[in-house]
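Inside the fold
Residues per chain are reported as follows:
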Amino acid sequence: MRWKYIWKKAGWIAAASMMLVLAGCSSQSPYETIATTEWQEPESTQELETLTVEATEESKETEEDAAPEYLRIGVRHSVVAMLQERLMELGFMDNDEPTNYFGETTQASVMKFQRQYNLAQDGIVGAATFQAIMSPDAKYYMVEKGISGDDIYRIQQRLYELGYLADAGLVTGNFGDATETAVKKLQNVNHITEDGKVGRETFNLLYSDEIKPNMLAYGEKSDVVLAAQKRLRELGYLTTEPDGSYGNDTVLAVKQFQSRNDQVVDGYLGPSTREVLNSSSATPNGLRLGDSSEQVVKIQQLLSKYGYLSSSNVTGYYGEVTEQAVKTFQKTNGLVNDGLAGVATITKLTGDDVKKAPKVTTPTTKASTKNPTKASSGGGSSGGSSGGRSGGATVSSSGGAARLVAIAKSKLGCKYVWGAKGPNQFDCSGFVYWCLNQAGVKQSYLTSSGWRNVGRYTKITNFNSLQAGDIVVVNGHVGIAAGGGMVVDASSGNGKVVYRSLSSWWRSNFICGWRIFG
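Residues numbered from 1 in each chain as written. Predicted model: local features only at pLDDT ≥ 70, side-chain atom pairs only at ≥ 80, totals over all residues. Heavy atoms only, no water.

Looking at the overall build of the protein chain
Which entries qualify depends on this criterion: Numbering goes from the N terminus for both helices and strands, where a helix is a DSSP run of H or I of at least four residues and a strand is a run of E of at least two. Exposure is judged per residue with a 1.4 Å probe applied to protein chains only, and the accessible area is read against the type maximum: over 50% gives exposed, under 20% gives buried, and values in between give partly exposed. When checking whether two residues touch, look at their non-hydrogen atoms; a contact exists if any pair is within 4.5 Å. Note on areas: Shrake-Rupley, 1.4 Å probe, and residue coverage restricted to the protein chains presented here.
The helix and strand inventory of the protein chain stands at 19 helices and nine strands. Every one of the 518 residues in the protein chain was classed for burial, and the buried ones make up 49%. Taking the intrachain contacts of the protein chain between residues at least 6 apart in sequence as the baseline, contacts between residues at least 24 apart amount to 56%. Carbon and sulfur atoms form 49% of the exposed surface of the protein chain, whose accessible area is close to 23,600 Å².

The structure is reproduced here in structure tokens:
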């Protein structure tokens, strides 16, 4: 009876506290109010009976007020949203719009919390777990040596990508000596507390843009770099002569390779990138109509050098003029003239026996109208002054936005799984990555934090300017705008891919949007 009463009292306090907060009368959040409200034992049996009657009468007003004794799989109640919000705040659950549904993702997050607090790891929220989660003294997510789980596997995978775990065989899901050593090295290199534990600071650093990897990087010179450059040249990514020095050209080549081979695009030659680079399954380079990158600039500069492209068309965007220049180059140099800058074309273009273009074939048409960077600027407007758009580029594709939304909706109901990239399980960033590639946009995998500064597309700074097909970036989460004030996203709160409203939560957590299709 006591626990049931706490639940009912929690519901009343939450509602009252929320009203006070909205009215500006309280600075405490609902979970803080609940957690700091002490239990007062009824002075008599009569008082207890009175409280029970009052609770029963209160529950008759709305079934929602009757909170269950335990929160577990399948439960729907407003207190679940409160629980999810707190778990997200403490780092046990990916940030998302809280929901009333207690699904598998919420259960897994609860189990991680229970693991940290030495509670029974059953994923069920009873009195002890609820009070521990809602307590103002609850500690942020932290793992250390001796812990096992899917979250440890993901952390190890990231440590391996960054070069702190030397062997893929060490990615086991078990936090052992090697993982502790790797974490300490990461903390040392990045000048944070070196304790070998993954807590708030270390965990956030793992997925930030500021992290310093333990791998081959800009400025290094070695035979290992030379070998990597030769392989990059062989696959059509490096457009300069290999010299063993990790310069800007190598960084660009590595990034392009990572983008084409489903790697984290950071420009570093870490273990996972080198492993794929040296494998027989490595995807060779191939630039085509619609691509936009610094690699395109390199190709355009070479085409211009040999007279196939006007210097005014070196824009970084692979438009129709560039495609025609490539076709002419291929025809002149005895290659298949398909307009694709693949390995054979790039190898020829970067070789010593290039045939220059006949003067009559030099394009004179300006490509500025085909350059989406200019086309997307809205006649010179930028920032939030006209629709909140600024810089970047869009992919020129008729019906592309509608196609992207349709692809996203085709996955409604698919299970949310932390770190999954499809085709039938996703986390939020994995869902966006899969949908874009299915829609023909060659976008590498980015975390939700990586989407803050992707820079490749037209940036939307005004929430009201979002359109169907835009990528919506909020604090710790990302989704695909579906038009009409709706969004499709892989929701940790719902435990699946959902189609829902771009609610006030999205507005208040909004960081930016990215317009993919012009």
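Some points on the packing of aromatic side chains
Note the following rule: Ring pairs are drawn from Phe, Tyr and Trp, using the six-membered ring of Trp, whenever the two centres fall within 6.5 Å, and their geometry is named by plane angle: stacked under 30 degrees, edge-to-face over 60, tilted for the rest. By the criterion adopted, a ring carries a charge over it if an Arg CZ or a Lys NZ lies within 6 Å of its centre and within 35 degrees of its normal.
Under the criterion given, the structure shown has eleven aromatic pairs. An angle of 85° between the planes, with centres 5.3 Å apart, marks the rings of Tyr-308 and Phe-329 as edge-to-face. One end of the pair, Tyr-308, is in the loop between α13 (294-305) and α14 (320-332); the other, Phe-329, is in helix α14, with 21 residues separating them in the sequence. By the burial criterion, Tyr-308 is buried, and Phe-329 matches it. We note Arg-200 situated over the ring of Tyr-140; from NZ or CZ to the ring centre the distance is 4.0 Å.

A closer look at empty space enclosed by the protein
Where we set the bar: A cavity here means a set of points on a 1 Å grid, drawn over the protein atoms and nothing else, where a 1.4 Å probe fits but cannot get out; a pocket is an open set with protein on both sides within 12 Å along at least five of seven lines, and a residue lines either one if it has an atom within 4 Å of a point. Grid points are joined across faces, edges and corners, and a volume is the space filled by probe spheres set on the points. Each residue receives one of three labels: charged for Asp, Glu, Lys and Arg, nonpolar for Ala, Val, Leu, Ile, Met, Phe, Trp, Tyr, Cys and Pro, and polar for the others, Gly being one of them.
Taken as a whole, this structure holds three cavities of 30 Å³ or more when the rule is applied. Taken as a whole, the largest cavity encloses approximately 60 Å³ of empty space. Looking at the lining of the largest cavity, the elements that each hand over two or more residues are α7 (150-161) and α12 (271-277). Counted by class, the lining of the largest cavity contains three nonpolar, five polar and three charged residues.

Details of the pairing of strand β9 (residues 510-515)
As a reminder of what qualifies: Paired strands, as defined in this entry, are two strands with at least two bridges between them according to DSSP.
Most of β9 is tucked away, with five of its six residues classed as buried. Across three bridges, the pairing between strand β4 (residues 458-460) and β9 is antiparallel. Pairing of Thr-458 across the sheet is with Arg-515, part of β9. Relative to β9, strand β5 (residues 471-474) runs antiparallel, the two sharing four bridges. Of the residues in β9, the one forming a bridge with Ile-471 is Trp-514.

Observations regarding the nonpolar core
In plain terms, the rule: To form a nonpolar core, buried Ala, Val, Leu, Ile, Met, Phe, Trp, Tyr and Cys residues must be joined to one another through side-chain atoms within 4.5 Å.
Ranked by internal contacts, the top residues of the largest apolar core, which has 44 residues, are Leu-83 and Leu-159. Of all the elements in the fold, those that place two or more residues in this core are α4 (78-89), α5 (104-116), α6 (127-134), α7, α8 (177-189) and α9 (200-206). Top contributing element to this core by residue count: α4, with six residues. Look past the residues within four positions of Leu-159 in its chain and what remains in contact with it is Tyr-164, Leu-165, Thr-179, Ala-182, Val-183, Leu-186 and Leu-206. One finds Tyr-416, Leu-436, Ile-480 and Ile-516 within the second-largest nonpolar core, a separate group that totals 31 residues.

These figures come from the coordinates and say nothing about function on their own.
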